[in-house]
Amino acid sequence: MTAVPRLVLFLLLGLAAAVRPAAAQATLTGTVTNSATGAVLEGARVQLKGSTLETTTDNLGAYRLEGLPAGEVVVLVTYTGLSPAEGAATLGASGVVRRDVGLTAEIYRMSRFVVGSEREGNAKAITLQRISDGVKNVVSADAFGALAGNPADLAARLPGIEGESVGGDNRYLRIRGLSQNLSTITQDGNRLADAGSAGSTREFQFQTVSADSIERIEVTKSPTPDMDGDSIGGAVNLVTKSAFDSSPERRIRGSLGAIWRARDPRDRPRTGASLSYSEVFGGRIGVSVNLAYRPHGSIIDVSSQAHQQLPNDVAGPAYTYQYQIQDFNNVRTRSGAGVKLDYKLTDQARLFANWQYAKHTEHTSNSQVTWQTNQAVATRDAAGALTGTGGIIPGYTDDETRVRGVAASTVAIASLANYKLGATNSLNLGGVHRHPGWNLEYDVYASQSKADYPGNNTFTYTARNVGFTLRRNHRLFPDVQQTEGADWTKLESYTDNLYSSARMVGWDAYQGAAVNYRRSFTAPVPAYLKAGLRWRRQTRNLDNTPYNTVYVGPDGVMGPNPATGRNDDNLAQFGLANRPFPDTELGRYGAVPLPAFQADGRAFNLDRAIAANPTHFRRQLATDLQTELTGNQQFEEQIRAAYLMGNLRLGQFSVLGGVRVEFTETDGEGALQVITPEERARRTAWGTAPLTDAETTRRVREEFGRRQTRSGDYQSVFPGVHLRYQFTPNLLTRLSYSTSIGRPNVGQLIPRTTVNYENQTVSTSNPGLLPQTADNFDLTTELYFEPAGMLTVGVFLKEIKKFIYTAGGTTIASGTDNGFGGEYAGYALTTQYNGGFAKVKGIEIGYNQQFTFLPGWMSGLGAYANVTRMQAEGNYGTGSAIALAPNPRVAGFNPFIANVGVSYIRRQLNLRVQYSYLGRYLVGFNANESRATYAAARPTVDVKTLYNLTRNYSVYLDITNVLMNPDRERQFGYGRPQVTHLMVPQVFFGVNGRW
């Protein structure tokens with residue numbers, strides 16, 4: 001055991017031994033519930049009248065007041081959105097007296113339909129945010145109406161939280177403008193594994209997480225020392241449902257419905273269902289079960305454009321040298337199951353077991369056409385005739401580009417059949433003990449995730465020497481008309497082909513354990529000390545085994561055979577997709593002879609054709625084998641942490657301070673690319689003779705087949721101080737200082753080295769990279785008002801150091817400790833380093849209110865709004881070096897986020913209109929403005945409706961993206977389109993039941 005964990009353990013034992021129990025006095029305990037719904041109330045404020053003694057209820061609704069004198073006492077209980085209540089009790093000289101208290105409000109008595117859900121969830125979220133130690137936003141799963149299975153949709157409504165949509169689903173969450181790689185995602189405080197897209201970043205993709213088991217989401221922006229330190233952006237915690245969250249009797253909820261892009265001819269209604277069950281047996285055993293299955297269509301018109309690079313400070317005109325359209329048809333299915341068991345040993349002790357499983361599949365069949373030419377303008381001779389090989393005809397404008405039928409001018413048609421199979425499961429076991437003066441919490445967990453792409457297959461045909469004109473009659477989907485060459489609507493015009501099958505798989509896994517001990521002191525001033533230990537281990541394993549080949553036919557030559565002048569390929573034998581472009585924006589492009597979808601189980605499966613006639617195909621053997629060898633990567637990271645923190649309350653003022661220490665060890669294994677002098681001589685001796693498959697295989701294995709392992713370690717210290725001042729019971733302010741880090745991406749810590757003996761250069765990753773570090777400052781003022789309302793205003797500052805950048809120019813030293821086992825002394829090294837800084841500052845304003853105090857029909861109204869405005873600058877790097885001066889153009893940083901919503905909940909009707917706005921921001925920095933890329937501003941409107949037929953049944957109809965703004969729109973500098981994903985609104989409809 002290292003020194004700091006040993007020290008913290010010693011302090012824990014010392015606290016337990018040194019603080020003696022007080023003399024025998026009475027204890028008052030009980031449970032606070034919502035009388036109308038039976039749900040326990042976490043965070044209720046319990047005050048002993050006539051004294052300054054108070055506490056809040058725990059997650060089981062329980063409170064405990066200790067050290068009380070004998071006699072009559074009265075407790076006053078308050079909770080957001082409910083009417084205060086008092087409870088009297090008679091205490092003896094010692095012992096424990098139980099006094100349960102039930103709260104309610106007029107709104108719960110008025111309607112036989114509104115008995116909980118959204119109003120109750122909103123009240124709980126506001127209450128938990130109010131009593132939090134640091135700056136935190138909390139949102140109930142019911143806060144914005146029914147979810148479509150993705151918890152990221154819910155979190156994206158919070159202040160400063162941006163959801164990035166991919167194919168109509170919020171895949172990533174960014175906090176306060178920072179990359180998703182700089183935030184942590186946990187479930188009940190423990191890391192969730194995520195193999196994502198079988199890659200090597202630290203991003204978390206929400207596509208494999210189901211919302212049906214989630215009770216609320218907590219976003220912490222100023223972490224306290226008892227939280228993981230790697231959260232520069234913030235920490236998102238998904239809190240799962242427990243049977244003790246609701247009334248103890250049996251509760252069954254179900255939904256049966258469909259998801260449909262009704263205005264898109266490619267889609268159809270896809271039926272899904274969810275079911276949840278919870279019950280508490282004998283007041284001791286709580287069971288919560290949640291199941292869900294939801295398929296939906298991600299149907300997109302895709303447009304991609306590439307334009308001329310212009311000189312600096314020249315806005316145009318610019319020609320378009322590439323244009324691509326894609327008819328994207330993807331059926332995504334999100335399903336999940338969760339079981340959570342809670343067992344109350346006593347009123348003071350609870351054990352729990354929580355298992356969650358989520359599955360995500362994608363089946364895609366896409367059609368694609370690409371028109372392109374070279375980036376060269378044709379010249380004219382003295383007679384005005386076009387000469388040279390340039391594909392661009394002079395006289396182009398921003399709205400029209402004419403392309404010559406030269407060799408570089410092509411039309412490529414492709415069919416894509418992609419598959420993704422993703423699964424994530426987690427298991428968490430632990431216990432909570434709350435006794436007079438001390439609390440003990442402990443748990444162990446494991447989480448595994450797999451992302452499998454068994455075959456993302458693309459079959460492409462290419463026609464050459466094709467001329468065309470591109471006219472921007474529609475800014476995002478311009479018209480294309482053929483002017484020269486073979487007719488691209490005829491299959492026989494296509495002479496080149498390529499079959500590509502991407503086969504990737506990634507595994508991600510976490511294991512961990514934690515113990516937390518808290519000791520409370522009631523005199524002379526309320527205070528507590530808390531300490532704990534945490535260990536976690538992450539492993540990431542990646543494989544990539546592609547298969548690329550071309551069909552050459554019986555004569556062994558792709559396309560026309562120069563010797564015979566014949567083309568015996570007969571691409572028609574592989575079938576055609578026979579699917580015209582739909583009657584959408586893509587309908588303007590007419591018909592092309594698209595290849596058949598080459599997918600497992602389809603009528604024309606190219607894999608079977610390859611097996612039957614292997615000599616008719618020529619595999620891209622060198623590329624495939626190289627990718628396989630370099631794509632085999634392994635990574636392991638272990639983190640051991642210890643913390644100590646304390647809280648002191650002096651009347652209306654409280655202070656929480658402490659320190660956390662983390663020890664990190666990493667190990668990575670990857671490929672070593674090197675051509676030794678001996679190998680170079682052998683290749684020279686081969687001469688110009690054609691390479692055989694055996695020689696190609698040998699060369700690739702010799703160059704890329706060596707393996708290397710690297711290890712790294714570092715220590716991080718995280719001090720933090722959180723101040724809070726309660727001006728009135730409903731007005732408070734917070735001032736927080738916290739420290740955090742952003743660990744290097746997994747791929748940056750896996751060794752990947754390329755050695756060039758001839759040029760004496762080495763390019764390598766750097767497993768010794770240190771994390772980026774940040775000092776975080778937050779100042780907020782929060783006003784809470786009844787019923788269930790709040791207004792918050794906050795400012796924040798993040799000072800980030802040790803950015804990770806790539807640079808060359810270093811010379812490798814001699815000696816066995818030079819990082820390469822003594823090899824490559826004197827070689828020029830290019831690798832990654834820490835350096836530079838950035839500063840992010842901003843203001844956040846949030847508002848939420850239920851207008852139940854208004855008379856008559858207006859009592860059903862509610863509203864919320866939040867806005868975040870940010871600025872960032874830094875010398876984070878330009879190209880391959882750290883900039884000398886701060887740059888205000890920080891790529892990937894969104895400076896403006898806003899959400900507004902209005903709801904009406906009364907009697908049978910529940911209606912919501914929600915508006916979100918993401919500002920335009922820089923995605924990719926380039927000193928040349930014509931090559932800089934931006935995300936276009938994105939306003940969206942969603943409408944959600946629910947109508948209660950009876951107390952047990954309701955129907956719902958939700959519509960997302962009513963404005964039909966592009967799901968993704970990227971632009972080059974000066975507003976030229978780059979990538980557009982256009983989707984029609986998605987409709988959710990069905991029936992809910994509750995029993």
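Bear in mind that the values here come from a model prediction, so they are computed numbers and not experimental data.

Q: Mind showing me how you'd approach the overall build of the chain here?
A: For the chain, the helix and strand inventory stands at nine helices and 50 strands. When the backbone C-alpha atoms are referred to their principal axes, the chain occupies close to 110 × 75 × 55 Å. The long-range share in the chain, meaning contacts at least 24 apart out of those at least 6 apart in sequence, stands at 71%. Accessible surface, the chain: about 40,200 Å² in total, of which carbon and sulfur atoms supply 56%.

Q: It is not clear to me how the environment of Asn 541 should be interpreted in this structure. Could you clarify?
A: With respect to the helices and strands, Asn 541 occurs in strand E29 (residues 527-544). Note on Asn 541: relative accessible area 30%, which makes it partly exposed. In sequence terms Asn 541 and Asp 508 are 33 residues apart; their C-alpha atoms lie 6.7 Å from each other.

Q: Looking at this model, I keep getting lost on the pattern of salt bridges. Mind explaining?
A: Side chains that differ in charge, positive against negative, can pair when their charged atoms come close. Overall, the coordinates contain 63 salt bridges when judged by the stated rule. For Asp 479, the salt bridge goes to Arg 588, with nearest N and O atoms at 3.3 Å. Separated by 109 residues along the polypeptide, Asp 479 in strand E27 (residues 479-484) and Arg 588 in the loop between strand E30 (547-551) and helix H5 (606-612) bring together distant segments of the chain. Under the relative-accessibility criterion, Asp 479 is labelled partly exposed at 25%. With relative accessibility at 35%, the residue Arg 588 sits in the partly exposed group. In this structure, Glu 662 and Arg 743 form a salt bridge, with 2.8 Å as the shortest nitrogen-oxygen distance. Remark: Arg 743 occurs in the loop between strand E35 (731-742) and helix H9 (746-749) and Glu 662 occurs in strand E33 (residues 653-675); sequence separation between them is 81 residues. Owing to a relative accessible area of 1%, Glu 662 belongs among the buried residues under this scheme.

Q: What should I look at first to understand the pairing of strand E19 (residues 320-346) in this one?
A: Residues in a regular strand point their side chains to alternate faces of the sheet. Among the 27 residues that make up E19, 20 are buried, leaving the element largely enclosed by the rest of the structure. Across 22 bridges, the pairing between E19 and strand E20 (residues 349-372) is antiparallel. Note that in E20 the partner of Gln 322 across the bridge is Gln 372. Here E19 folds back onto E20, and the loop between the two strands holds two residues.

Q: Can you help me understand unusual backbone geometry in this one?
A: Glycine aside, residues mostly have negative phi angles, and peptide bonds mostly take the trans form. Cis rather than trans, the peptide bond between Gly 316 and Pro 317 has omega equal to 5°. Non-glycine residue Asp 313 carries a positive phi angle of around 70°. Examined against the element boundaries, Asp 313 turns out to sit in the loop between strand E18 (285-307) and E19. For Asp 313, a relative accessible area of 76% corresponds to the exposed category. Even without being a glycine, Tyr 974 presents a positive backbone phi close to 70°. Position of Tyr 974 among the secondary structure elements: in the loop between strand E48 (968-972) and strand E49 (977-982).

Q: How should the packing of helix H7 (residues 677-686) against helix H8 (residues 693-704) be read in this particular structure?
A: Pairs of packed helices are described in terms of their axes, by the angle between the two and the distance that separates them. At their nearest, the axes of H7 and H8 sit 11 Å apart, and the two run at 160° to each other. Taken together, H7 and H8 sit at an angle that is classed as roughly antiparallel. The interaxial crossing formed by H7 with H8 has left-handed handedness. Contact residues: Glu 679, Arg 682, Arg 683 and Trp 686 in H7; Glu 695, Arg 698, Arg 699, Glu 702 and Glu 703 in H8. Its residues assigned to classes, the contact of H7 with H8 shows one nonpolar, no polar and eight charged.

Q: Would you mind showing me how to read H8 here?
A: Each α-helix turn comprises 3.6 residues. Residues three or four places apart therefore point the same way. In this model H8 runs 16 Å from its N-terminal to its C-terminal C-alpha over twelve residues, within 8% of the 16 Å that 1.5 Å per residue would give. Lining the buried residues of H8 we find helix H6 (621-631), E33, H7 and strand E34 (706-728).

Q: What am I meant to see in the nonpolar core here?
A: One broad trend across soluble globular proteins is that nonpolar side chains are buried collectively. Among the nonpolar cores identified, the biggest contains 41 residues, and Trp 371, Trp 488, Phe 574 and Tyr 589 are the most heavily contacted of them. Within the residue set of this core, elements represented by two or more residues are E19, E20, strand E24 (410-435), strand E25 (438-464), strand E26 (467-471), E30 and H5. In contact with Trp 488, not counting residues within four places along its chain, are Trp 371, Val 411, Val 466, Gly 467, Phe 468, Val 480, Gln 481, Gln 482, Tyr 494, Val 592 and Pro 593. Grouped together as the second largest cluster of nonpolar side chains are 22 residues, Leu 41, Ala 44, Leu 48 and Ala 85 included.

Q: What is the right way to look at the packing of H6 against H8 in this model?
A: H8 packs onto H6 with a crossing angle of 30° between their chain directions and a minimal axis gap of 9 Å. Judged by the inter-axis angle, H6 sits roughly parallel to H8. Crossing of H6 against H8: the hand is right-handed. Between H6, through Leu 621, Ala 622, Leu 625, Gln 626, Leu 629 and Thr 630, and H8, the contact on the second element is made entirely by Asp 693, Thr 696, Thr 697, Val 700, Arg 701 and Phe 704. Classifying every residue of the contact of H6 with H8 gives six nonpolar, four polar and two charged.

About the cut-offs
- Residues numbered from 1 in each chain as written.
- Predicted model: local features only at pLDDT ≥ 70, side-chain atom pairs only at ≥ 80, totals over all residues.
- Heavy atoms only, no water.
- Helix = DSSP H or I, 4+ residues; strand = E, 2+ residues; numbered from the N terminus.
- Contact = heavy atoms within 4.5 Å.
- Areas by Shrake-Rupley, 256 points an atom, 1.4 Å probe, with all protein chains shown as cover.
- Buried < 20%, exposed > 50% of the residue type's maximum accessible area, 1.4 Å probe, protein only.
- Salt bridge = Lys/Arg side-chain N within 4 Å of Asp/Glu carboxyl O.
- Pairing = 2+ DSSP bridges.
- Axes fitted to C-alpha atoms, helices over the stretch in contact; angles between N-to-C directions.
- Parallel < 35°, antiparallel > 145°, perpendicular 65-115°, else oblique.
- Left-handed = near helix turned anticlockwise from the far one by under 90°.
- Nonpolar A, V, L, I, M, F, W, Y, C, P; charged D, E, K, R; others polar.
- Expected span 1.5 Å × (residues − 1).
- Core = buried A, V, L, I, M, F, W, Y, C linked by side-chain atoms within 4.5 Å.

By themselves, these are just geometric observations and shouldn't be taken as functional.
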